[in-house]
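Structural characterization, general
Residue-level listing of the chains:
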Amino acid sequence: MATSSDNTAPDATSRPLIVVALDFGTTYSGYAFSFIDKPHEILTNQVWNSQKYHLASIKTPTCLLINKTQKDDYRFGYEAEDDYSDMQTEETGEADEYYFFDRFKMELHVQQDVSEQMLLYDVKGQSLSAIEVFSTAIKALKDHLRTNHIEKNMRDIKMQDIKWVLTIPAIWSAKSKLFMRRCAERAGIQSNRLCLALEPEAAALYCQHQKRTIDEYEVRSIAKIDQGSNYLVIDIGGGTIDIVAHKKLIHDKVEELCSASGNHCGGTRIDREFMEMMETIVGKNVMEGLKKEYTLNYLDFMRNLEIFKRGVGNVKKSTINMSIPLTVLNDLCKKFDKGSFSEAVSQSAYKNDLKIKGNVLQVKMTLAREKFKSITDEIVKEIKNVLTRVEGSTIDTLYVVGGCSESSIIQEAIKDSFKDKRIVTPEEPTLAVLKGAVLFGHTPDFVLSRVTRFAYGRRIRPIFNELEHDTNRKVENDGEFRCINVFDLLMRKNTHCAVGCTHSIEYHTYERNQAKVTVAVYVSKNDDTKYIDEEGCEKLGELVVDIPNPTSERRYVNVDFQFGGTELVVTATVEGEMTPCTAHFELI
């Protein structure tokens, strides 16, 4: 049986000895692992270091430095930042030989047409294929694990002994999920050794363990959610907010109450708010110049902005400081006739909220908190939306996880808006998804059923019906009139599907000695889609089935569409063949 992507079926090869999770985040990434016989003893790379800036963190920045001509010459995370910074200062021109990509994960959420031909643009506006960028980044994490852990401390473990788990936002499109699987395979991870874990689901699994409230005056252990109870997991990351609603069943299993919800209002939304303020003050040309002409200073600026965000919310302070590249900003302001940076600030609408003291921008806390308001409003709105969708299912507990969950402003907004709920966040909330993904690799049946976010269908050419079909789609084929590009619904949107729920369809060859059968799969935002070219409908991919020993006789292929998993699984067998057919799912 051929599988396009399968996160529930057993591996076709030997039993893995270790589970490794790769958490590929918008702002930070990392990995964790545990052995099959000790699943809860989860190990991480203890600390990632920036030698140049003397920084350390439990995950590393999601940035990639890659040589333009030698694609096996690349660095990831702090190493990429450090080396690129050195190249910028040495004036040897070496920096021009490299691409530098930063915070590129969000492109898979905002891009309308995710494909193998999609391009990404680096910090200087230079383009490279997205699949090469993502696969290289995954390979970098994989290589770091091998070099720093497998080869040093676990020499008996071979790469084929590993089961890999790759984290994915639950609100991503089916096409983006398939894209990430292809990138992982291109990075050298076997498809039958890989499963995709939805980030809030992984966090939910982690949250079954040690917990604490986010009330600063109350830190106490809370009992697990009882069987039959319902809860939300709210994953507030760097790029998105991702929410799932679960009902807890027997043996700690869960079922989804409604399809995952969320949008792109993670931590980078605050970055945009602040950058838009800067553009209002000095103009877009100045900020673009900072990014493309003074890239090193731009990277420092963004790093300082990250530090600045973490300090916002301390009600005891009236102002908060942020380091800025003042000399460069002055030069750029003069270049674009803005005077000095100080003059631009004094002439702006923010003149009463900002002060410049040396290389420091002093921001009134009221303004800083205001920049958080758009994100907190969106977060509250999304939570209320999910609670409305599961109306009738009492939800008492909200688990809050992710990199932004530790923000006191975000905590405050959630607590003030949902005073009747128990707000819980686990210890190390920034690692909830990563460590939960390891646990998911050990127990992929944690979620017994999910709710479809899209309608799924296939392209067919039925006999033309004057009462049903568009006359412009009428074509003649072998003496029969047929309708082209019809969307044949396989699974409705918002349908509760048990994991492994299967819809079977029989296909057959049309030509003599036909060697392949192609199954085109589509996803749509609407159940009532009639044709594949309607708005809201897009091609997910094609399952290409090779027919063994083609003959002049009609051959039949049984195709199973399996729903309910973290990915759509499509499998195929050729009728009458003892040997399973070969099939592969192609991202279009």
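Now for a description of the structure that goes with this document.

Here is what the cut-offs are and how they apply
Residues numbered from 1 in each chain as written. Predicted model: local features only at pLDDT ≥ 70, side-chain atom pairs only at ≥ 80, totals over all residues. Heavy atoms only, no water. Helix = DSSP H or I, 4+ residues; strand = E, 2+ residues; numbered from the N terminus. Rg over C-alpha atoms; globule rule 2.2 N^0.38 Å. Buried < 20%, exposed > 50% of the residue type's maximum accessible area, 1.4 Å probe, protein only. Contact = heavy atoms within 4.5 Å. Areas by Shrake-Rupley, 256 points an atom, 1.4 Å probe, with all protein chains shown as cover. Lys, Arg positive; Asp, Glu negative; His and termini not counted. Charge placed at Lys NZ, Arg CZ, Asp CG, Glu CD. Pairing = 2+ DSSP bridges. Axes fitted to C-alpha atoms, helices over the stretch in contact; angles between N-to-C directions. Right-handed = clockwise from strand over helix to strand, strands pointing away. Polar contact = N/O pair within 3.5 Å; in protein donor to acceptor, adjacent residues only side chain to side chain. Parallel < 35°, antiparallel > 145°, perpendicular 65-115°, else oblique. Nonpolar A, V, L, I, M, F, W, Y, C, P; charged D, E, K, R; others polar. Left-handed = near helix turned anticlockwise from the far one by under 90°.

Further remarks concern the overall build of the protein. Scanning the protein from terminus to terminus reveals 13 helices and 35 strands. Its C-alpha radius of gyration of 26 Å places the protein within 12% of the 25 Å reference for a compact globule of 588 residues. Each principal axis of the C-alpha atoms in the protein carries an extent, and together these give about 85 × 60 × 55 Å. Classification of the 588 residues of the protein by burial places 54% in the buried group. Once local pairs closer than 6 in sequence are excluded, the contacts in the protein between residues at least 24 apart make up 71%. Working note: accessible area of the protein is about 26200 Å², and carbon and sulfur atoms make up 45% of it. Distance between charge centres in the protein, computed from 75 positive and 87 negative side chains, equals 3 Å.

This brings us to the sheet that holds strand β21 (residues 360-364). Across the sheet, which stays open at both edges, the 3 strands sit in the order β19-β21-β20 with antiparallel pairing between neighbours. Each edge of the open sheet is held by one strand with a lone partner, namely β19 (319-323) and β20 (354-357). Taken pair by pair, the neighbouring strands of this sheet meet at an average axis angle of 25°, ignoring direction. With 4 bridges joining them, β20 and β21 adopt antiparallel strand pairing. Its bridge partner lying in β21, Lys-357 is registered against Val-360. In the packing of helix α8 (residues 295-311) onto the sheet, the strands contacted are β19 and β21, and the crossing angle to β19 comes to about 160°.

To continue, consider the pairing of strand β14 (residues 194-198). Counting buried residues along β14, 5 of its 5 residues qualify, which places the element largely inside the surrounding structure. Burial along β14 is two-sided: Leu-194, Leu-196 and Leu-198 facing one way and Cys-195 and Ala-197 facing the other are all buried. Where strand β13 (residues 162-168) meets β14, 5 bridges bridge the pair, whose relative direction is parallel. The partner of Ile-168 across the bridge, within β14, is Leu-198. Assessed by its sense of winding, the connection that carries the chain from β13 through helix α4 (residues 174-186) to β14 is right-handed.

Now for the side chain of Ser-50. In this structure, Ser-50 sits in strand β5 (residues 48-50). Classification of Ser-50 as buried rests on a relative accessible area of 2%. Separated by 2.8 Å, the side chains of Ser-50 and Asp-82 make a polar contact.

Below, the discussion takes up the packing of helix α5 (residues 199-206) against helix α13 (residues 432-442). Axis separation between α5 and α13 bottoms out at 7 Å; the angle between their running directions is 80°. It follows that α5 is roughly perpendicular to α13 by the angle criterion. In this structure, α5 uses Glu-199, Glu-201, Ala-202, Ala-203, Leu-205 and Tyr-206 to contact α13, whose residues at the interface are Ala-432, Val-433, Lys-435, Gly-436, Ala-437, Leu-439 and Phe-440. In terms of residue class, the contact of α5 with α13 is built from 9 nonpolar, 1 polar and 3 charged.

A word on helix α9 (residues 326-335). Of all the positions in α9, only Leu-326, Val-328, Leu-329, Asn-330, Leu-332 and Cys-333 are classed as buried. As for α9, its buried residues are in contact with α6 (267-282), α7 (284-293), α8, α10 (341-346) and β20. Asp-337 sits one or two residues past α9 and shows a positive phi near 60°.

The strand order across the open sheet built from 3 strands is β9-β8-β10, with neighbouring strands paired in antiparallel fashion. On the outer flanks of this sheet lie β9 (74-76) and β10 (98-102), each paired with one strand and no other. Pairs of neighbouring strands in the sheet enclose a mean axial angle of 10°, with direction left out of account. For strand β8 (residues 63-67) and β10, the ladder comprises 5 bridges, and the chain directions are antiparallel. What sits directly across from Asn-67, in β10, is Tyr-98.

What follows is about the packing of helix α3 (residues 130-153) against α4. Interaxial distance between α3 and α4 falls to 8 Å at its minimum, and their mutual angle equals 60°. Taken together, the axes of α3 and α4 are oblique relative to one another. Here α3 and α4 pass one another in a crossing that is right-handed. The segment α3 lies against α4, with Ala-130, Ile-131, Glu-132, Phe-134, Ser-135 and Ile-138 engaging Phe-179, Met-180, Arg-182, Cys-183, Ala-184 and Arg-186. Partitioning the contact of α3 with α4 into residue classes produces 8 nonpolar, 1 polar and 3 charged.

Another point: unusual backbone geometry. Notably, Asp-337 is not glycine yet its phi reads approximately 60°, a positive angle. Counting through the fold element by element, Asp-337 comes out in the loop between α9 and α10. Of the residues examined, Asp-337 reaches a relative accessible area of 72% and is grouped as exposed. The phi torsion at Asn-494 lies on the positive side, around 60°, for a residue other than glycine.

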